[in-house]
Amino acid sequence: MGKRYFCDYCDRSFQDNLHNRKKHLNGVQHLRAKRVWYDLFRDAAAILQEEQTKKPCRKFLQTGQCDFGSNCRFSHMTEQDLEKLSAQVQALSDLKPFSQAGEKRLKELQREGADIPPGTIEDWLDKRAQRLSAAQSNSALPEKPAPFQYPPGWPPVQELPPSLQAPPPGGWLVPPNLQWG
């Protein structure tokens, strides 16, 4: 019987050879199934933007069904659906780590020397870029090391395995006769 190729997008298998695989991967059914799969992971803002540019599907609005289904070039969202989606996008955009007032307060706390827990990845990248540029100019920036914090939702420290526990303050003890490799 020979090798068989299974396509996860289409949920079907066929004899695996160059001709059959090329024919399948370039086929309309496979391309549609692949697009549907990746559409599951699009963010709400991208979906909203695409749906707002489309005209409403008359047949879908009249009967609740469309012969083209997900392949229809018109929008199958009602005004209520679009409003819900735009509210969801707005709620997600409001969840930024700091508002402008929050950023001002954060800068004030930093000037006062308060210990601030690590912020967003952008903050970390900015600090890293500053350190690298300072290292290249041979002038070091005075910077406090970030305090170690366990992620939220983790069990108590006593219940963690040793590999997940924080290192001791002085670092791990290295025996003098230890040889690696």
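Structural data are supplied above this passage.
Residue positions are counted from 1 within each chain, in the order its sequence is given. For a predicted model such as this one, the threshold for reporting local features is a pLDDT of at least 70, and the threshold for listing and counting side-chain atom pairs is 80 or more; totals across whole chains, interfaces and linings nevertheless cover every residue. Hydrogens are left out, water is left out, and the side-chain values use all remaining heavy atoms of the structure.

1. Here's the deal with the overall build of the chain
Phase 1 of the analysis: Only DSSP runs of H or I reaching four residues or more are called helices, and only runs of E reaching two or more are called strands; each is numbered from the N terminus. For the chain, the count of helices and strands is seven helices and two strands.
Phase 2 of the analysis: Any residue under 20% of the maximum accessible area for its type is buried, any over 50% is exposed, and the rest in between are partly exposed; the area is computed with a 1.4 Å probe on protein chains only. Taking all 181 residues of the chain together, the buried fraction comes to 12%.
Phase 3 of the analysis: Here, two residues are considered to be in contact whenever any of their heavy atoms come within 4.5 Å of each other. Sequence-distant contacts, at least 24 apart, represent 27% of the contacts inside the chain between residues at least 6 apart.
Phase 4 of the analysis: For the chain, the accessible surface area stands at approximately 15,800 Å², while carbon and sulfur atoms represent 55% of it. Each accessible area value is a Shrake-Rupley result obtained with a 1.4 Å probe; residue values ignore everything except the protein chains displayed when judging cover.

2. Thoughts on a nonpolar patch on the surface
Phase 1 of the analysis: Taken together, the side chains of Y9, W37, Y38, L40 and F41 make up a nonpolar region of the molecular surface, amounting to roughly 580 Å² of accessible area.
Phase 2 of the analysis: Tracing the chain through its elements places L40 in the loop between α2 (28-39) and α3 (44-53).
Phase 3 of the analysis: Residue classification places L40 among the exposed positions, given a relative accessible area of 60%. For patch building, the residue pool is restricted to those with more than 30% relative accessible area and no salt bridge; the joining distance is 9 Å between like charges and 5 Å between nonpolar side chains (Val, Leu, Ile, Met, Phe, Trp, Tyr). Any Lys or Arg side-chain nitrogen located within 4 Å of an Asp or Glu carboxyl oxygen qualifies as a salt bridge.

3. Points about the nonpolar core
Phase 1 of the analysis: Grouped together as the largest cluster of nonpolar side chains are five residues: A44, L48, L82, L85 and V89.
Phase 2 of the analysis: Of all the elements in the fold, those that place two or more residues in this core are α3 and α5 (79-94).
Phase 3 of the analysis: In this structure, A44 is in contact with L85, Q88 and V89, ignoring residues within four places of it in sequence. As used here, the term nonpolar core means buried Ala, Val, Leu, Ile, Met, Phe, Trp, Tyr and Cys residues forming a set that is joined through side-chain atoms within 4.5 Å.

4. A closer look at the packing of aromatic side chains
How two aromatic rings sit relative to each other is set out by the distance from centre to centre and by the angle between their planes.
Phase 1 of the analysis: Think of it this way: a Phe, Tyr or Trp ring, Trp meaning its six-membered ring, pairs with another when their centres are within 6.5 Å, and the plane angle makes it stacked under 30 degrees, edge-to-face over 60, tilted otherwise. Counting across every chain of the model gives three aromatic pairs.
Phase 2 of the analysis: Taking the centre distance of 5.2 Å and the plane angle of 75° together, the rings of W37 and F41 count as edge-to-face.
Phase 3 of the analysis: What makes W37 partly exposed here is its relative accessible area of 42%.
Phase 4 of the analysis: Residue classification places F41 among the exposed positions, given a relative accessible area of 57%.

5. A closer look at α3
Phase 1 of the analysis: Buried within α3 are the following residues: A44, L48 and E51. Viewed along the axis of α3, the buried residues span an arc of 70°, placing them on a single side of the element. Counted as exposed and oriented over 90 degrees from the buried face of α3: Q49 and T53. Directions are taken from the helix axis to each C-beta atom, and the arc is the one they span.

6. Comments concerning the pairing of strand β2 (residues 12-15)
Phase 1 of the analysis: By definition, two strands form a pair when at least two bridges between them are found by DSSP. In this sheet, β2 lies alongside strand β1 (residues 4-7) in antiparallel orientation, the contact comprising four bridges. Bridge pairing links F6 to S13 in β2.
Phase 2 of the analysis: Linking β1 back to β2 in an antiparallel pair, the connection comprises four residues, with D11 at a positive phi of about 60°.

7. Here we look at unusual backbone geometry
Negative phi characterises most residues that are not glycine, and trans characterises most peptide bonds.
Phase 1 of the analysis: In this structure, D11 takes a positive phi of about 60° despite not being glycine.
Phase 2 of the analysis: Checked against the element boundaries, D11 lands in the loop between β1 and β2.

8. Remarks on the pattern of salt bridges
Phase 1 of the analysis: Under the definition given, this model contains seven salt bridges.
Phase 2 of the analysis: Here R42 and E50 are joined by a salt bridge, their closest N and O atoms 2.4 Å apart.
Phase 3 of the analysis: It is possible to trace a salt-bridge network through shared partners that takes in R35, D39, R42, E50, E51 and K54.

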